[in-house]
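Letter by letter, the chains look like this.
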Number of protein chains: 4
Amino acid sequence: MINETKTFEKHESEIRAYCRAVPTVFKSSSNAIMIDENDKNYIDFFAGAGVLNFGHNNPKMKEAIVEFIQRDGVIQSLDMFTDVKRDFINTFVEVILKPRGWEDRKLQFTGPTGTNAVEAALKLARKVTGRTEIVAFNRGFHGMTLGSLACTANNAFRSSSGVPLTNVIRDTFNDMNALENLRQKMFDLGSGMLPPAAFLVEPIQAEGGVRVATKEWLQGVQQLAKDVGALLILDDIQGASGRSGSYFSFDDLDLNPDIIVLAKGLGGLGTPIGMLINKAEIDSAWAPGQHTGTFRGQGLSFVAGKIGIEFFKDEKFNEETKAKASIIRETLDNLNSKYNKVVEIRQKGMMLAIEFESASIVKEITTKCFENGLIAGACSTGEIIKLIPPLTIEEETLKEGLNRFKASVEAILD
Amino acid sequence: MINETKTFEKHESEIRAYCRAVPTVFKSSSNAIMIDENDKNYIDFFAGAGVLNFGHNNPKMKEAIVEFIQRDGVIQSLDMFTDVKRDFINTFVEVILKPRGWEDRKLQFTGPTGTNAVEAALKLARKVTGRTEIVAFNRGFHGMTLGSLACTANNAFRSSSGVPLTNVIRDTFNDMNALENLRQKMFDLGSGMLPPAAFLVEPIQAEGGVRVATKEWLQGVQQLAKDVGALLILDDIQGASGRSGSYFSFDDLDLNPDIIVLAKGLGGLGTPIGMLINKAEIDSAWAPGQHTGTFRGQGLSFVAGKIGIEFFKDEKFNEETKAKASIIRETLDNLNSKYNKVVEIRQKGMMLAIEFESASIVKEITTKCFENGLIAGACSTGEIIKLIPPLTIEEETLKEGLNRFKASVEAILD
Amino acid sequence: MINETKTFEKHESEIRAYCRAVPTVFKSSSNAIMIDENDKNYIDFFAGAGVLNFGHNNPKMKEAIVEFIQRDGVIQSLDMFTDVKRDFINTFVEVILKPRGWEDRKLQFTGPTGTNAVEAALKLARKVTGRTEIVAFNRGFHGMTLGSLACTANNAFRSSSGVPLTNVIRDTFNDMNALENLRQKMFDLGSGMLPPAAFLVEPIQAEGGVRVATKEWLQGVQQLAKDVGALLILDDIQGASGRSGSYFSFDDLDLNPDIIVLAKGLGGLGTPIGMLINKAEIDSAWAPGQHTGTFRGQGLSFVAGKIGIEFFKDEKFNEETKAKASIIRETLDNLNSKYNKVVEIRQKGMMLAIEFESASIVKEITTKCFENGLIAGACSTGEIIKLIPPLTIEEETLKEGLNRFKASVEAILD
Amino acid sequence: MINETKTFEKHESEIRAYCRAVPTVFKSSSNAIMIDENDKNYIDFFAGAGVLNFGHNNPKMKEAIVEFIQRDGVIQSLDMFTDVKRDFINTFVEVILKPRGWEDRKLQFTGPTGTNAVEAALKLARKVTGRTEIVAFNRGFHGMTLGSLACTANNAFRSSSGVPLTNVIRDTFNDMNALENLRQKMFDLGSGMLPPAAFLVEPIQAEGGVRVATKEWLQGVQQLAKDVGALLILDDIQGASGRSGSYFSFDDLDLNPDIIVLAKGLGGLGTPIGMLINKAEIDSAWAPGQHTGTFRGQGLSFVAGKIGIEFFKDEKFNEETKAKASIIRETLDNLNSKYNKVVEIRQKGMMLAIEFESASIVKEITTKCFENGLIAGACSTGEIIKLIPPLTIEEETLKEGLNRFKASVEAILD
């Protein structure tokens, strides 16, 4: 049976989505290459929605987890202590926290998905402040469970809740005027707006279309949060793990977030994990067990994730990311001048978005990409293609992928 | 460094909980045995909160996933098609759905945790009915994200939300009078109560203390749901995967749920997974991508989970479970008559709860269990010990574990 | 222009309701008689929905308010002090509060309608307890503004809100089993139900169809409220002012409510007023001006209302009410045995309801009543006729009205 | 007993407010003069919080209602037809609606207070649009019942609700930038903001401190409402009835509101009334009885209110108002230049606000006013004095009142 998809059509829910854009059955994958049952290869510019920063089946990680399994390591441990969890924590503290002077911060392992980590962050912020409201921004994406979904902006996702999405103040991302207006409301006893528990912000809105917040605006948000006694929560789920050319996507912005939310790339090999980095004085508001979950102790994610963190021991990996980012930008930059249906190109590190005139053009282009052996995904409300190859992609594969992408755009727009 | 826990105390969040009850560092585990860094062994009667039905590091599963990793199988695939996902689905359809006449039902892979699967089920029920309210029951546990948490009963968990938990009608589990009263309200135009979108029920409340719903009551709930045009959602997250001596915990109750929620044991080896089984006419209400998530395509869970499902190809495994369940019951039954501080013993299959007079006694006993080399956990509001060893536990390990348990109880209560 | 209704049909909102059942233009009224522009007289068994306990244009009250107007008394005073407000308060304290040992309670004048008074009571209960939930009962009616409407039971009214009606726990009126079940939930940490701020109860559900709570149940509600630290709020808006044969409808039930809500009959002549009677220790939670409103100081209502209160200086008025109540009951009692379409007759004092098999029968009967010169209104979900003549109705007018009613019933059911 | 206030202190709720600022017992009042029990006279620049546009005990109105009472007119009629209600409607149609081309609009009598009328308007808007959210503005005041309170801005009032105030989008009054930002959010599918049911606006924010919206901004609000399919609701409760020198406060702004909310001055003599003016196509969404209430048919308010409306038969009354408004402005204008603690003076017609540096200064000044025989009230968050004498005030009384006011200001600020 070669590339048989009937099983899915017959037995899987109508809700399935990505597989409709790439309708083939994959059987193996390695770094930036996926291979389907017909042995056709695809260059992966989607990377599991930003999870696979270190590529599919990263060899070091494979080796480590196979060894771990073969020695009967503890795969599922709730939040009990294990050797590999300790190694993971120690490595994260040494490589990531200490260089930033954040070694006093506390790591909280939540349910192993981004949305669960966001929900935990919201609870903590509300608990610490005794307040209910969260400020969230247009084009923001924070997950699909009810608490996170209330913070997610996209109306197509929101409408699926079936109940009111409450306790969120919606504002405009990266807009200094809107921020100033919000400040006025928050300090006006006659505005009807109470001070919020937290501002929840993505330094780079990835799913929102690679919208990169300015330093000025983020600093303004941080200052307003401080002034009204609210927390600053940075959702760096897709932006972190080196994607922007530094471990965190906001390393160059001189920010001091109260809570950082991580997931996706943190597990290294694509197995789930969710983690908060909390300031100690905030973390102490938790009582034991207040936000619990079965899958918080994932041995495989600790083992492979530790190797992922070690990529950042020196600046070499970040430098390589920046170099590849330049290749991408140089290759695609002229699309903007060549086609008036290309509205804008936005990039930070190896995350690049091309905004087209309409969602229908995007659909044609991504379909053509698939034919040409490239996996590229739409985001936001459909009018944007986001390119996020593995950071470890070989230079020549990257160039080949970019060629396939350009050929696909040309096929549609020329 | 032997059994060093300072890393956790220094760097991990105050919220950590289970590790406070079993304060040692585990390094390996096999079937029902966990071994710490001092080489002390523990018999595991908690099984990762009901995940490890097939034991730690089940040999067949280990072999399969090592082979999968070594051949560069697709570990993270969003909801794209992969060979191993197809195998998982086909096996589930053949082994579980077909014998029940349910081969037309649709499998929906949600974010890989129970709470995410519950959130998806709630969305679907609200979408299908155009209604908002969910009926949920006392002692019920459905997860910690905001939508699920609104259905979870325990006030200690609920209080952490920081915002109102809305759109849930709370009622009493397994109480025919309460059900009749609810029926009256729902058909009374002057009651102020609108028909709900769904009834969300655990056939066995596991976390709630192994409270086993009667067939009469569950049939009554199903009938009321039907009469008011609501869905019946069975949360079998902890009860399924053979725990009760049959694949589903409600196989003997002649029920026809609209949605079944699975997670925990479904992944086989303790890697995360979440899945709904939806009636086709209900599933068709979904539009593509309405409830999405990064980690819905977990290759390792498909590979190991498939092997888990195959345990149910014939009745042998279920018979063994029932036999072991009898051993547990026979060994512990006399505790009830011997100690008046033992309030009640409740059991279905290999899930057994002993309700004590107070949470403080339970704490003493579980601490003693840990000393004696047994991992046993409290549940509900702390006054109950729940014993859920791996189903695959060897008979002699089971007996040894029961001896350790009895010795611990005697040490405290004698 | 005789009895011209075109103005209303052309210029008044579609929402108009009572006028559709009695489609004539009234020009004057005196005690229990209303006269339309064709000089047809109607006996009024509806009394302005229970406002006109002392009849239309009560002569003593007329005289007093004309004198008040002619001496330029203060008609509108917000909550400033006026002579007539002082007289009203002093009279209420002397005649109503002192005999009950309640002279320490505080009178709070709210916006001049029942719903506004209920809203104020809810705020106070929530403020005192720091809790949010109110327990309210099926068939209860507490008003149409959003806070009150959330407590009102009738789904036809509720559905007009257009937004979720929240923070109310709905339970079953006058049902000891339901009350016991509620008690269990409230003391179970694993029920998901938090202790409420208050129980809001009508001792007699008037709009709900003259459902008279038993002493046992109300005492049970009072005890449960006390046990969970909640307030008992008695909504006696339609039941008080002598309607049941005593000033309060619950005078014979040995209750000690924390807040009593009054409106309707309190103003004497049909001008609006709303008032709470708060226990002093509860009232002290208010800060000045926290629930405000323009029309809290209604001079006309104070002047006429004071005369209304004076009716209760001795027991004579109550005795007369009871005697008339007996006449009503004796006259109508046989309807129940005579017609199987009469489901039940319920009465306390001069409030009597006849429940018929369906709302359509009721509509036919009330239409016939109108033809026969009797104003009688449906209530609850339409299947009930409620008879509430002025308490001051002359005995012969009462008998004539009852004859007209019986004739109307006979015309439809015979 | 002369000017005895002990009754109030002993028996009235702690919530009393205005009487704390004017601690004397009033016994009579005529046009703009109130007289206390010590025969001291006060010039009333507060006019019952904007109710008494035609003065205390307006002689024409007194005469008419005494005649009405003496002929046994129908004082309380629910929403039944009466002769005086018909006269009121016909007069309102002729004098107010026809000249504006609005004779097709429908009049809806709600519960007799502003807050009840606002609640009805919100229900209607939500019903017509099937949407839930209302846009309301900082410094707005719309009432104290839960639905209206959610639209009211002042946090001191909001905090008394005890429950979340939901389904309202808060924005900035009279701010074109904020309006433009709101427009962007409402047309952005990725903003997380759904189109609202209505915009609720006061053309002049009275309680908010006489903030007068510009024509440009109100037209912008109207256009945005139209563009997103929302209703425009103008709350003219305090602004209408001639206060600004025209019947409606927005007559000069070329607006076409879907719903106008009236109360306060509409009843003429200070007896309560509440009314909506609905576009016919909107009004038709109501089903009979969906928003009901006991006190919707107030005969006294119809009789006196009709006379109030007749003041607007020609422009003479409005011209007089404007002339008096000029006197006020001329007299007070120099306060602004003289005292730097006077921040701003704002006026439209006979509603004028003086914003001072702080609420404590205002308290001193209003206390001094009371000593000097002037009733003047603070508004907004306390830092503003609002002057709203009866429109019918004699010129010399007005001047005397202004002198008393200036003397009071000078006494404090000089």
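As the structure is a computational prediction, the values presented were derived from the model and not from experiment.

What counts, and at which threshold
- Residues numbered from 1 in each chain as written.
- Chains lettered and ligands numbered in written order.
- Predicted model: local features only at pLDDT ≥ 70, side-chain atom pairs only at ≥ 80, totals over all residues.
- Heavy atoms only, no water.
- Helix = DSSP H or I, 4+ residues; strand = E, 2+ residues; numbered from the N terminus.
- Rg over C-alpha atoms; globule rule 2.2 N^0.38 Å.
- Buried < 20%, exposed > 50% of the residue type's maximum accessible area, 1.4 Å probe, protein only.
- Contact = heavy atoms within 4.5 Å.
- Least-squares fit on C-alpha atoms with pLDDT ≥ 70 in both.
- Buried area = accessible area lost by both parts, 1.4 Å probe.
- Salt bridge = Lys/Arg side-chain N within 4 Å of Asp/Glu carboxyl O.
- Polar contact = N/O pair within 3.5 Å; in protein donor to acceptor, adjacent residues only side chain to side chain.
- Pairing = 2+ DSSP bridges.
- Axes fitted to C-alpha atoms, helices over the stretch in contact; angles between N-to-C directions.
- 1 Å grid on protein atoms, 1.4 Å probe; cavity = no way out; pocket = protein on both sides within 12 Å on 5 of 7 lines; lining within 4 Å.
- Points joined across faces, edges and corners; volume = space filled by probe spheres on them.
- Nonpolar A, V, L, I, M, F, W, Y, C, P; charged D, E, K, R; others polar.
- Parallel < 35°, antiparallel > 145°, perpendicular 65-115°, else oblique.
- Left-handed = near helix turned anticlockwise from the far one by under 90°.
- Domains from an automatic or database assignment.
- Arc of directions from axis to C-beta.

A word on the overall build of chain A. Looking only at helices and strands, chain A features 15 helices and 18 strands. Whereas a compact globule of 414 residues would reach a radius of gyration of roughly 22 Å, chain A reaches 21 Å, a difference of no more than 12%. Taking the principal axes of the C-alpha coordinates as reference, chain A spans close to 60 × 55 × 45 Å. Counting the 414 residues in chain A, one finds 71% classified as buried. Taking all contacts inside chain A whose residues are at least 6 apart in sequence as the whole, residues at least 24 apart take part in 71%.

Turning to the relation of the copies chain B and chain A, a few remarks are in order. In screw terms, the move from chain B to chain A is a rotation of 180 degrees and a rise of 0.0 Å along the axis, fitting with an RMSD of 0.0 Å. Here the symmetry operator amounts to a two-fold rotation axis. No C-alpha of chain B approaches the rotation axis more nearly than that of Leu-146 of chain B, which lies at 2.6 Å. With an isologous cut-off of 70% or more, the 100% of interface residues of chain B that recur at the interface of chain A puts this contact in the isologous class.

So, on to the interface of chain B and chain A. The partner chain A presents 107 residues to the 107 residues of chain B that form the contact. Approximately 9300 Å² of surface area, both sides summed, lies buried where chain B meets chain A, with 63% of it carried by carbon and sulfur atoms. Among the residues chain B hides against chain A, the three largest losses belong to Ile-15, Phe-81 and Arg-86 of chain B. Together they make up 10% of the total. Among the salt bridges present, the one from Arg-86 of chain A reaches Glu-37 of chain B, with a minimum N-O distance of 2.6 Å. Seen at the junction of chain B and chain A, the total is 50 residue pairs in polar contact (both at pLDDT 80 or more).

Here the focus is the relation of the copies chain D and chain C. Between chain D and chain C, the superposition needs a rotation of 180 degrees and an axial shift of 0.0 Å, giving an RMSD of 0.0 Å. Residue by residue, 100% of the interface of chain D is reproduced at the interface of chain C, so both copies engage with the same surface.

Here Thr-113 of chain C shows up in the loop between strand E5 (106-109) and helix H6 (114-129). With relative accessibility at 6%, the residue Thr-113 of chain C sits in the buried group.

Bringing the sheet that holds strand E7 (residues 168-171) of chain A into the picture now. Residue and element names in this part refer to chain A. The sheet built from seven strands is open, its strands ordered E5-E13-E12-E11-E8-E6-E7 with mixed pairing. The open sheet has two edge strands with one neighbour each: strand E5 (106-109) and E7. When the angles between neighbouring strand axes are averaged without regard to direction, this sheet yields 20 degrees. Direction of pairing for strand E11 (residues 231-235) relative to strand E12 (residues 259-262): parallel, over a ladder of three bridges. Within E12, the position partnered with Asp-235 by the bridge is Val-261. Here helix H9 (residues 176-186) sits on the sheet and contacts strand E6 (134-137), E7 and strand E8 (198-201); the angle it forms with E7, its principal contact strand, is near 145 degrees.

Take empty space enclosed by the protein next. Estimated volume of the largest cavity: approximately 160 Å³. Considering the residues around the largest cavity, the lining is formed by 18 residues, among which Leu-146, Pro-164 and Thr-166 of chain C together with Leu-146 and Thr-166 of chain D are closest to the centre. Elements that contribute at least two residues to the lining of the largest cavity include exactly helix H7 (146-149) of chain C together with helix H7 (146-149) of chain D. Split into classes, the residues belonging to the lining of the largest cavity amount to 10 nonpolar, six polar and two charged. Taken as a whole, the second largest cavity encloses approximately 120 Å³ of empty space. Lining the second largest cavity are 14 residues, with Leu-146 and Thr-166 of chain A together with Leu-146, Pro-164 and Thr-166 of chain B sitting closest to its centre. Residue composition of the lining of the second largest cavity, grouped by class: 10 nonpolar, four polar and no charged.

Another point: the pairing of strand E8 (residues 198-201) of chain B. Residues and elements named next belong to chain B. What you see with E8 is no split at all: Ala-198 and Leu-200 on one side and Phe-199 and Val-201 on the other are buried throughout. Bridge count between strand E6 (residues 134-137) and E8: two bridges; the pairing is parallel. Looking at the pairing, Ile-134 lines up with Ala-198 of E8.

In this section: the sheet that holds strand E14 (residues 342-348) of chain A. Residues and elements named next belong to chain A. Reading across from one edge, E14-E15-E18-E17 is the order of the four strands in this open sheet, with antiparallel pairing throughout. Looking along the sheet, the strands with just one partner apiece sit at the ends: E14 and strand E17 (377-379). Pairs of neighbouring strands in the sheet enclose a mean axial angle of 30 degrees, with direction left out of account. Relative to strand E18 (residues 384-387), E17 runs antiparallel, the two sharing three bridges. Among the inter-strand pairings, Cys-379 is bridged to a residue of E18, identified as Ile-384.

Residue and element names in this part refer to chain B. Remark: helix H14 (residues 359-371) packs on helix H15 (residues 395-413), axes separated minimally by 8 Å, with the N-to-C direction vectors making an angle of 130 degrees. In this view, H14 runs oblique relative to H15, as classed from their interaxial angle. Pair H14 / H15 crosses with right-handed handedness. Touching Ile-361, Glu-364, Ile-365, Lys-368 and Cys-369 of H14 are Phe-405, Ser-408, Val-409, Ala-411, Ile-412 and Leu-413, all from H15. Tallied by class, the residues present in the contact of H14 with H15 amount to eight nonpolar, one polar and two charged.

Residues and elements named next belong to chain A. Segmentation of chain A into domains returns domain 1 (6-54 + 315-413) and domain 2 (62-310). Its C-alpha centre places domain 1 at a distance of 26 Å from the equivalent point of domain 2. In this assembly, 29 residues from domain 1 lie in contact with 28 residues from domain 2. Both sides together, the interface formed by domain 1 and domain 2 hides about 2300 Å², and carbon and sulfur atoms give 50% of it.

All right, on to helix H9 (residues 176-186) of chain B then. Residue and element names in this part refer to chain B. Taken together, the buried positions of H9 are occupied by Ala-178, Leu-179, Asn-181, Leu-182, Lys-185 and Met-186. End-on, the buried residues of H9 take up no more than an arc of 160 degrees, which puts them together on one face. In this structure Asp-175 caps H9, since a side-chain oxygen of it lies 2.9 Å from the backbone nitrogen of Asn-177.

On to the interface of chain D and chain C. With 106 residues of chain D at the interface, the matching set in chain C holds 107 residues. A per-residue breakdown of the area chain D buries against chain C is headed by Ile-15, Phe-81 and Arg-86 of chain D, which together make up 10% of the total. Our count for the contact surface shared by chain D and chain C stands at 51 residue pairs in polar contact (both at pLDDT 80 or more). In terms of residue class, the side of chain D that touches chain C is built from 43 nonpolar, 37 polar and 26 charged. Of the pairings in the sheet, the one linking strand E4 (residues 81-82) of chain C to strand E1 (residues 25-30) of chain D comprises two bridges and is parallel in character. Its bridge partner lying in E1 of chain D, Thr-82 of chain C is registered against Phe-26 of chain D.

Residue and element names in this part refer to chain A. Tracing the backbone through its elements, the reader meets Val-261 in strand E12. Judged by relative accessible area, which is 0%, Val-261 ranks as buried. For the pair Val-261 and Ile-233, spaced 28 residues apart in sequence, the C-alpha separation works out to 7.4 Å. If we skip the residues at most four places from it in the chain, Val-261 touches Ala-117, Val-118, Ala-121, Ile-233, Leu-234, Asp-235, Asp-236, Ile-237, Met-275 and Leu-276.

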